[in-house]
Amino acid sequence: MMKKCFSVRCVFMSWTVLYFHSNPVITTFTISGNSTGTDGALVSPGDNLKLACSSSINTILAVYWYNKPPGNGSYLWSSTVGMKIDANGTCRFDTNYPVPTNMNCGCVSKSKYTCTLIGVETDMKGDMWKCKFIYNTAKSSTIAYTNELTIDLAVGITSTVISSPIVNPVSVIVNTAGTFQCQTSPGNPVASVVWHTDNKTSGTEDDTQITSGTSTTSTPDGDLFVTQGTLTLQVQRDDQDLGVYCRARNREQWFTSGTKKINVLYGPDAPVCKANTVNVSPSLSVIIGSMFSISCTADSNPLPNTYLLSGSEGSNLSLSFTGISRTQAGSYTLEARNSMFATGSGIPVTGRNSTSFLIDVLYTPLMPTIRVNGSAVKGTVNIIEGNSKVFNCSTDSNPAGNYSWTYPRGSTANRVLQLTNVLPDIDDGDYTCRVQNKLVPSFGSFQNGENRTTITINVLYPPRLPTFKYGTSGGPDISDNTIAIVRGPGATVACVAHSNPAPSIYLWSGTKTNDQLLSLSTFNGNTTVQCTASNTMTETNGSPQTRTNVSSLKIVVWQTPQGITLRYHYDKTGYMTVKDEIKVLTGDAFWLSCSVVSSPPSIYTWTGQTASPSGIYNITGGLSASQQVSCLAENFMQTTFKGTVHGTQSADLNVDVLYGPKTKILQDLSLVKGGMLVIPCLYTPGNPSAVSFKWTRSGTSVSWVNQNTHNLTIEYVQRSDEASYTCKVSSVLQPTLLSATTVKYDTATFHLDVLYGAEHLILQLNNEFHSSVEIEEHSTNHMRCSLESDPGSYMALTKDGTQLIARNETHQLTYDLRAECSDKGVYTCFGYNRYGAANNASMHLYVKCSARRPPKVDVQLIYNARQHENASLVNQIVAYPVPKPSQFVWKRCMNSSCAPLPNDMKKFKIDTEGLSSNLTVLDVQIEDYRIYQLSVSNGVGDELVERFHLRPTEKPDLPTNVHIIQDTITDRTAVLTWIPGIDNGSPQEFHVSYRKLVDETSLLRLTVKHDFTKEMYYKIENLEPGTEYLVSLFAANEEGSTAWVNDTFQTLERISDNPVSNPNTGSIVGGAIGGTVGAIVAIVVIVVILRRQCLLKCYICPNKKSADSDEQTGFGTDNPGSNAAEAHDAVSMATGTLVYDVLRDGDKGSDNSHVYMTLNESSQEPQGNYENVKKEDPVYNNADQANPVQTVL
């Protein structure tokens, strides 16, 4: 805590310092980092940490940075860095406190200042920083401190595992909780742990996160923390084979543990028991004497190890039964058991479950016994009419029998049969008691069981009311005791009375005749007679009884129907008498009538109609089909001759229904052009069946002759035949009523689709067709290609064989172009479908354009040649129309003046053909090294003027962008890259040298051929880990060499325990590496610790000159590269400013910019904007810059 007092008011501050002045404005001073954690000071080792000191005011005079290393009781007395922004807006540093080599500081604004710690190391953990602000107030300068910031090192975890349980799979008893523990490797800060279930797919994207039953703890491990995650999971049966894993992170990367599978243990379900594959639960039915065995299964994990059977005969019974008896029937219980061992528990848990079932022994019924009033009866039982009796039938069986009685009245399914008011005829006969059961075992075939007993009942009764029959006692009944006879022969009537025993006396009134038969031939008119019947009954164990009964008979005479007349009524008043047949139109309404003479009056019945006394058949809706109708006239006469005498007379009439034909559906057709079409007119004939045909067509303007045949025939189908075709089939209908004669017809239509290949292809430009067309440059043009085909065609448009546009199933392509010179060419359109291809159409398109360079072609304007050699200047253009050779004009120039070439065939040779022109300078002399000009014009637009420079052959240009690619540096290799300069007419090669920065004896040299790529790469191998190297390169050809270009780099620390070979004895494997840097195989670094790059001072020292004075060492004063090293040293010494390595991966913001200064090989002065030291400033005497940033090289 820091204490600062002003006037009489004192304020204590911890993180943010607040100062209260006479005005109410609150002033704040803070320090913060750009990383994570508290105040952004949690950083990974090797990363850069940018610290920012800020103020809420902008009247800052200066800012000083203070550091307290770990273990120090207080801050260092001297500040680390002092800085300010002067009145010119320039960031300046206090030279008394030079910026350390591991820091990069800058001024962002008047109120914000930053310092970046480069490559934070592990020993910086616990470093504390704060800033002191010196600022102006209304009365004086004031000092204020920021809060303190403590650096903490972040260490990411590297793994996570499920530490408990260790087995896989994990066995858990169902409905209990399984506990899983996940543990991370040490890290800082504490990691977060989440749990997931594996949804059994190939990826983890759809896995489910577990959100309940989880907890997280941590334990210290030195300066780091080990995080433990616990999952308590309630396990259900459907969790079988469920995968569980955990994920953890304390930085950006997640680490995933292995997956533990869950083996869910559960006790047996209710056992399923079977006998001969049949379930025994709830019961098992077996026929007495059967043999069988019982087998059981139960679902459990693990499977059951014990099955126990118990019943009425004891426990632990055998599961096999031999010849089962009735005594073995009863209830049984089967219990299944298993033993469950949960993971982490040595004591098994016994699971058990049972099922109960019944064994039922089946057998057939015994002989039944019949009892009446408690006594068994057999044989015949006599019962007097009107008495009541109860019959009881019983026996023994399993299953219980089904009792049934069969007797004269019918049958009943009861054990007891009760007869009330016994009646003769109805109750006479055999009475049988039958007992049935069905033995249906749970397995095997069923059996039917049956037994029965029979008795006979005889009912005695007196005579019933006598009835009358015609002819004999066995003749037909005379209903209502009335008989009607047809005039003619007489008849005989019998008097019949039923009794048991039969009547012994029949007595007729009037005649007093004791005879059962009475003749009617003597009756001339209607008469009524009486018949009396008597019998004597003797009841078993009773006395005889005599009984009588009397009936009367009435006699009537009738006459049968005679004569029949049929009439056809075609409207309300019109009709005609018809016979045998009539013809009518389908659907027409009409009615028929029928009449006769009879007594009693007749009734009339038409076919399919209800009988009526009118004799009319009304067909209001007409008929749809021919049919045979009949009229029946009848009367009914009750006679004693033939029972009921039926008097009838009938007439038949055939109704022939006339209707027209019906066509059937004709399906649409597709036919290829040129094929033959034969299609019948499909129809169903009418009545009569004679028809005529007529084919017509529609949907086309092409004339066509109708066809009057059954089949439509087109010998050779053409495109004009595509239309809709209609078939008309008709018949003439002539009914009985001739005035109603008519013609009926029906039609059917189908569409013919004619398929044909592509044809009539036309290629047009701006709606006109020409085989050759000239257009103006930049004009807007519309190209269209069209054809005819069915179905649509594949069409394509090409230019000089290159496809421009294509489309399937189409009849037209369009292509718009704004004419350019490059659009010149042959445009071809073609199209086809499966039935044929159209003839291609082509158009030669010419675009008028002035002479110009070919597009996307680098024109060579500089040529090198040695004296006395021939030099050819080559030029290719694009133009239309093609210029004439005379329009290619070559000139040679001196200064800014150009003149035509002299007519000297021995000095100059010009070859012009088409769009190409070459100038050859023969036997090149010193005066021939100059500018040559070519002018080309074709009358369109401006002329093209090209200037070619013929120069002597020279040494190559200096290579540029020479550096080691930082991302390729490993512990033993690095990749060097550069951009070759121009070879100036002579093939060049590149000389590479490298050595340890502090060991001049480790120099290695090699030569790389120019592969003519824009950027070259070379891989340096067999380097030593953690070592700084100096690499140099120059280019050379036959004319000379360039200066050396240098770069330094440092290899990574050793990342493998494998021994490193001596780079002096290993071969340098290299060569130009084509393509991008991405082609270099990346080395996976397990632990990468970036070290701060050391200060580059003057490590370039002169070597002793080689014995071969022409050999370049790459590091001596005699080689062309030493000037660059001297210039580099001169810049450092002249400015008095420390030179830092460029932080290539540093911040790119404007608040920490890097200004890179180039070194000129011919100058000893730097190109940066430096000023002389200002002696009058007692605090800041370093170099000034225009921008408030630190200047580095």
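Here, every reference points to the structure presented above.
The structure presented is a predicted model; accordingly, all values stated were derived computationally and were not measured. (Residues numbered from 1 in each chain as written. Predicted model: local features only at pLDDT ≥ 70, side-chain atom pairs only at ≥ 80, totals over all residues. Heavy atoms only, no water.)

Caption draft 1: Representation of the overall build of the protein chain. The number of helices and strands found in the protein chain is one helix and 89 strands. Among the 1193 residues that make up the protein chain, the fraction classed as buried is 40%. Considering only residue pairs separated by 6 or more positions, the protein chain has 65% of its internal contacts joining residues 24 or more positions apart. A total accessible area of about 62,200 Å² is found for the protein chain, and carbon and sulfur atoms account for 50% of it. (Helix = DSSP H or I, 4+ residues; strand = E, 2+ residues; numbered from the N terminus. Buried < 20%, exposed > 50% of the residue type's maximum accessible area, 1.4 Å probe, protein only. Contact = heavy atoms within 4.5 Å. Areas by Shrake-Rupley, 256 points an atom, 1.4 Å probe, with all protein chains shown as cover.)

Caption draft 2: Local environment of the nonpolar core. Ranked by internal contacts, the top residues of the largest apolar core, which has 33 residues, are W65, V81, M83, Y113 and F133. Among the secondary structure elements, those contributing two or more residues to this core are strand 4 (26-33), strand 6 (49-55), strand 7 (60-68), strand 8 (81-85), strand 9 (91-93), strand 10 (103-109), strand 11 (112-117) and strand 12 (128-136). By residue number, the principal contributor to this core is strand 12, which donates four residues. (Core = buried A, V, L, I, M, F, W, Y, C linked by side-chain atoms within 4.5 Å.)

Caption draft 3: How the structure looks around unusual backbone geometry. A cis geometry characterises the amide bond from D790 onward to P791, with omega recorded as 5°. Mapped onto the elements of the fold, P791 is located in the loop between strand 66 (780-790) and strand 67 (793-799). Between Y880 and the following residue, P881, the backbone shows a cis peptide bond with an omega angle of 0°. Mapped onto the secondary structure, P881 falls in the loop between strand 75 (878-880) and strand 76 (888-894). For N276, which is not glycine, the phi dihedral falls at a positive 50°. By the secondary structure assignment, N276 is in the loop between strand 26 (272-275) and strand 27 (278-279).

Caption draft 4: Fine view of the sheet that holds strand 43 (residues 467-470). Judged by pairing direction, the sheet is antiparallel, and its three strands sit side by side in the order 43-45-47 without closing on themselves. With partners counted over all chains shown, the strands left at the sheet margins are strand 43 and strand 47 (517-519), one partner each. The average angle at which neighbouring strand axes cross in this sheet is 30°, direction not considered. Strand direction decides the pairing type here: strand 43 and strand 45 (residues 492-496), joined by four bridges, are antiparallel. Pairing of Y470 across the sheet is with V493, part of strand 45. (Pairing = 2+ DSSP bridges. Axes fitted to C-alpha atoms, helices over the stretch in contact; angles between N-to-C directions.)

Caption draft 5: Structural context of the environment of K1019. The residue K1019 is located in strand 86 (residues 1016-1020) in this model. Separated by 44 residues in sequence, K1019 and V975 have C-alpha atoms that sit 4.3 Å apart.

Caption draft 6: Fine view of the pattern of salt bridges. Applying the stated criterion across every chain yields a total of 26 salt bridges. Two residues, R409 and D427, come together in a salt bridge whose shortest N-O distance is 2.3 Å. Placement of R409 in the loop between strand 38 (402-407) and strand 39 (410-412) and of D427 in the loop between strand 40 (416-419) and strand 41 (429-439) is noted, with a sequence separation of 18 residues between them. By relative accessible area, R409 is classed as partly exposed at 43%. Of the charged contacts, one joins R434 and E450 as a salt bridge, the two residues approaching to 3.8 Å between their closest N and O atoms. You can see R434 sitting in strand 41 and its partner E450 sitting in strand 42 (residues 447-460), a full 16 residues away along the chain. R434 sits in the partly exposed class, given a relative accessible area of 27%. Residue class for E450 comes out partly exposed when judged on its relative accessible area of 38%. Among the charged side chains, a network of salt bridges with common partners joins K673, R719, E759 and E788. (Salt bridge = Lys/Arg side-chain N within 4 Å of Asp/Glu carboxyl O.)

Caption draft 7: Seen up close, the state of the cysteines. For the structure shown, the criterion picks out twelve disulfides. Covalently, C91 is tied to C107 through a disulfide, its sulfur atoms 2.0 Å apart. Here C91 and C107 share a disulfide; its torsion about the S-S bond, 55°, makes the bridge right-handed. With a gap of 16 residues between them, C91 in strand 9 and C107 in strand 10 connect regions that are remote in the sequence. (Disulfide = S-S within 2.5 Å.)

Caption draft 8: Structural context of the packing of aromatic side chains. Taken as a whole and assessed by the stated rule, the structure comprises 27 aromatic pairs. Centre to centre, the rings of F391 and W405 are 6.3 Å apart; their planes meet at 55°, and the pair counts as tilted. Separated by 14 residues along the polypeptide, F391 in strand 37 (residues 389-394) and W405 in strand 38 bring together distant segments of the chain. Here F391 and W405 have matching classes, each one buried. Among the aromatic side chains, those forming a connected cluster through ring pairs are F292, F321, Y332, F357 and F443. Sitting over the face of the ring of Y75, K130 holds its NZ or CZ atom 4.4 Å from the ring centroid. (Phe/Tyr/Trp six-rings, centres within 6.5 Å; stacked < 30°, edge-to-face > 60°. Lys NZ or Arg CZ within 6 Å of the ring centre and 35° of its normal.)

Caption draft 9: Examining the pairing of strand 62 (residues 711-714) more closely. Residues L712 and I714 point to one face of strand 62 and are all buried, whereas N711 and T713, pointing to the other face, are not buried. Taken together, the four bridges between strand 59 (residues 677-680) and strand 62 define a ladder with antiparallel strand orientation. Along strand 62, the bridge assignment pairs L677 with I714.

Caption draft 10: Quick peek at the environment of A41. Among the secondary structure elements, A41 is positioned in the loop between strand 4 and strand 5 (42-43). Through-space distance from the C-alpha of A41 to that of M128 is 9.9 Å; in sequence the pair is 87 residues apart. In this structure, A41 is in contact with T36, L149, T150, I151 and D152, ignoring residues within four places of it in sequence.

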